[in-house]
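Summary of the model geometry
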Amino acid sequence: MVDATKKVEKVQSRDGTWIAYERIGSGPAVILVDGALCRRDFGPARPLAKLLSDRYTVFIYDRRGRGESGNSLPYNVAREVEDIAALVFEAGGSVFLYGISSGAALALEAANAFPNLVKKLALYEAPFIVDNTRPAIAADFLARLDSLVADGERGAAVKSFMRFVGTPGFAIVIMQLLPVWKQLKAVAHTLPYDIQTVAPFQRGEHLPTTRWTNAKVPTLVADGGKSPAWIRNAMKQLASVLPMATYRTLEGQTHMLKPEVMTPVLADFFR
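The notes below deal with the structure included here.

Conventions we followed
By convention here, each chain's residues receive numbers from 1 onward along its written sequence. Only residues with pLDDT of at least 70 are given local features in this predicted model, and only at 80 or more are side-chain atom pairs given and counted; all residues enter the totals for whole chains, interfaces and linings. Side-chain metrics rest on all non-hydrogen atoms present in the structure, leaving aside hydrogens and water. When two rings of Phe, Tyr or Trp (its six-membered ring) have centres within 6.5 Å they constitute a pair, described as stacked for plane angles under 30 degrees, edge-to-face for angles over 60, and tilted for the intermediate range. Here a strand is any run of E in DSSP of at least two residues, a helix any run of H or I of at least four, and the numbering for each starts at the N terminus. Remark: exposure states derive from per-residue accessible area (1.4 Å probe, protein chains only) relative to the maximum for the residue type, with buried under 20%, exposed over 50%, and partly exposed in between. Whether two strands pair comes down to DSSP finding at least two bridges between them. What counts as an axis is a line fitted to C-alpha atoms, over the stretch in contact for a helix, and the angles between N-to-C directions run from 0 to 180 degrees. Each salt bridge in this description consists of a side-chain nitrogen of Lys or Arg and a carboxyl oxygen of Asp or Glu lying within 4 Å of one another. Put simply, a nonpolar core is a bunch of buried Ala, Val, Leu, Ile, Met, Phe, Trp, Tyr and Cys residues held in one set by side-chain atoms that sit within 4.5 Å of each other. We call two residues in contact whenever any of their non-hydrogen atoms come within 4.5 Å of each other. Working definition: roughly parallel below 35 degrees, roughly antiparallel above 145 degrees, roughly perpendicular at 65 to 115 degrees, and oblique for all remaining angles. Crossing handedness is defined as follows: a turn of the near helix away from the far one that is anticlockwise and smaller than a right angle gives a left-handed crossing, while the clockwise case is right-handed. Expected span of a helix, by definition, is 1.5 Å for each gap between consecutive residues, and there is one gap fewer than residues. Patch criteria: residues need more than 30% relative accessible area and no salt bridge. Like-charged residues are merged within 9 Å; nonpolar side chains of Val, Leu, Ile, Met, Phe, Trp and Tyr are merged within 5 Å. Areas reported here follow the Shrake-Rupley algorithm with a probe of radius 1.4 Å; residue values treat only the protein chains shown as occluding. In protein, a polar contact means a hydrogen-donor-capable atom and an acceptor-capable atom, both N or O and within 3.5 Å, with residues adjacent in sequence counting only if both atoms are side-chain atoms; elsewhere, any N or O pair within 3.5 Å suffices. Here a crossover is taken to be right-handed if, once the strands point away from the viewer, the path from the first strand over the helix to the second is traced clockwise.

Let us look at the packing of aromatic side chains. The tally for this structure, following the rule as stated, stands at 10 aromatic pairs. Relative to tryptophan 212, the ring of phenylalanine 128 has its centre 6.1 Å away and its plane inclined at 5°; by these criteria the two rings are stacked. In this pair, phenylalanine 128 is assigned in the loop between strand S6 (118–124) and helix H4 (141–150) and tryptophan 212 in the loop between helix H8 (191–198) and strand S7 (219–224), connecting sequence segments 84 residues apart. Overall, tryptophan 212 belongs to the buried group, its relative accessible area being 2%.

Written as structure tokens, this is what we have:
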């Protein structure tokens, strides 16, 4: 059933791809960037947007290839960065930008490419691997994922991705029996997009000190106190290599961050 209260708009990115979005609330503009397998109606963006909407105009959108957005091929991370820039111009030309998981990595790339468009940047648990506290990404993982998608094996692609990110086997089995599995398979073809975004920083190596030097905007780098050591180590290191970053741990949180916990953090930082 369609929610008639939603006003879905579209903006054309630089390469001609149409990106679907909504704006919720009023006040200074905030753009939320989703992680893997999420979209406007599936994931943390909408609940967070509603909580922020009493003080901000919050933009939530379907990343390319998801929901109602287009999917021009071949994929390139730079095109997703341009999608964010297109949304910024729709929002008035200057925004607060927040990304979670692979969306945090994408938001960081956007702030580096278009620093004049971002007033402040908030990042939660970009899934970088910077040491030996967990195995680095396999050299052929992206190729194997691409192959599964090309063969129409969406369920297998989701399972492969979930095993890689550490989802317990019993949880994967249970999810396949629930309605959520259909939602996950619907965007499984975009999983290689997320991997392309983060794979260069999942090799167990120190993050480059010269990669994001243009991102000279106040930046909050956050993680959860109950998240595994590998991702917390990465966030500490990320904060150390960014020009204007502050590192913060949200006690009691995991990668599945609760919107009601992040809302006051963002409201305080985006003032």
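Now that the structure has been shown, we can carry on.
To continue, consider the sheet that holds strand S3 (residues 29–33). The eight strands are arranged S1-S2-S4-S3-S5-S6-S7-S8 in an open sheet whose pairing can be described as mixed. Among the strands making up the open sheet, the edge pair consists of strand S1 (9–12) and strand S8 (245–250). The mean inter-strand angle of the sheet, taken between neighbouring strand axes irrespective of direction, is 25°. Of the pairings in the sheet, the one linking S1 to strand S2 (residues 18–25) comprises four bridges and is antiparallel in character.

The next subject is the pattern of salt bridges. Throughout the structure, instances matching the rule amount to 18 salt bridges. A single network of salt bridges, built from pairs that share partners, joins Glu22, Arg40, Asp41, Arg46, Asp62 and Glu68.

Bringing the nonpolar core into the picture now. Core analysis: the biggest nonpolar cluster contains 46 residues, and Phe128 and Leu238 have the highest contact counts within it. In contact with leucine 238, other than residues within four places in its own chain, are Leu108, Leu123, Phe128, Leu207, Trp212 and Val221. Leu32, Leu52, Leu266 and Phe269 belong to the second-largest nonpolar core, a separate cluster that totals 25 residues.

On to the pairing of strand S4 (residues 57–61), then. Of all five residues making up S4, five are buried, and the element is well covered by its neighbours. Burial along S4 is two-sided: Thr57, Phe59 and Tyr61 and Val58 and Ile60, pointing in opposite directions, are all buried. Pairing analysis gives five bridges linking S2 to S4, with the strands arranged antiparallel. Residue glycine 25 lies in a different strand from S4, and its bridge partner there is threonine 57. Relative to S4, S3 runs parallel, the two being bridged by three bridges. Looking at the pairing, valine 30 lines up with valine 58 of S4.

Before going further, it helps to spend a moment on the packing of helix H3 (residues 102–113) against H8. Where H3 contacts H8, the two axes come as close as 9 Å, and the packing angle between them is 55°. With respect to H8, the element H3 is oriented oblique. By crossing handedness, the relation of H3 to H8 is classed as left-handed. Here H3 contributes Ser102, Ala105 and Leu106 to the contact with H8, which in turn contributes Asp194, Thr197 and Val198.

Relative to the 18 Å expected for 13 residues at 1.5 Å per residue, helix H9 (residues 229–241) spans 19 Å between its end C-alpha atoms, a close match to the ideal helical length. What H9 keeps buried is the set Trp230, Ile231, Ala234, Met235, Gln237, Leu238, Ala239 and Val241. Where the residues of H9 are buried, they touch H3, S6, S7 and S8.

Its location among the elements puts alanine 85 in helix H2 (residues 77–90). Between the C-alpha atoms of alanine 85 and valine 118, which are 33 residues apart in sequence, the distance is 9.4 Å. Contacts of alanine 85, omitting those with residues within four sequence positions, involve Phe114 and Leu117.

Here the focus is a nonpolar patch on the surface. A contiguous nonpolar surface patch, about 460 Å² in accessible area, is contributed by Phe170, Ile174, Leu177 and Leu178. Position of leucine 178 relative to the elements: it lies in the loop between helix H6 (169–175) and helix H7 (180–186).

Looking at where serine 13 falls in the secondary structure, it is placed in the loop between S1 and S2. Residue class for serine 13 comes out buried when judged on its relative accessible area of 5%. Within the structure, serine 13 has its side chain in polar contact with the side chain of aspartate 83 (distance 2.6 Å).

Further remarks concern the pairing of strand S5 (residues 95–100). In the case of a regular strand, side chains alternate between the two sheet surfaces. The buried fraction of S5 amounts to six of the six residues, a majority that puts the element mostly inside the structure. Burial of S5 is two-sided: the residues Val95, Leu97 and Gly99 facing one way and the residues Phe96, Tyr98 and Ile100 facing the other way are all buried. After leaving S5, the chain enters H3 and then returns to the sheet as S6, a path that is right-handed.

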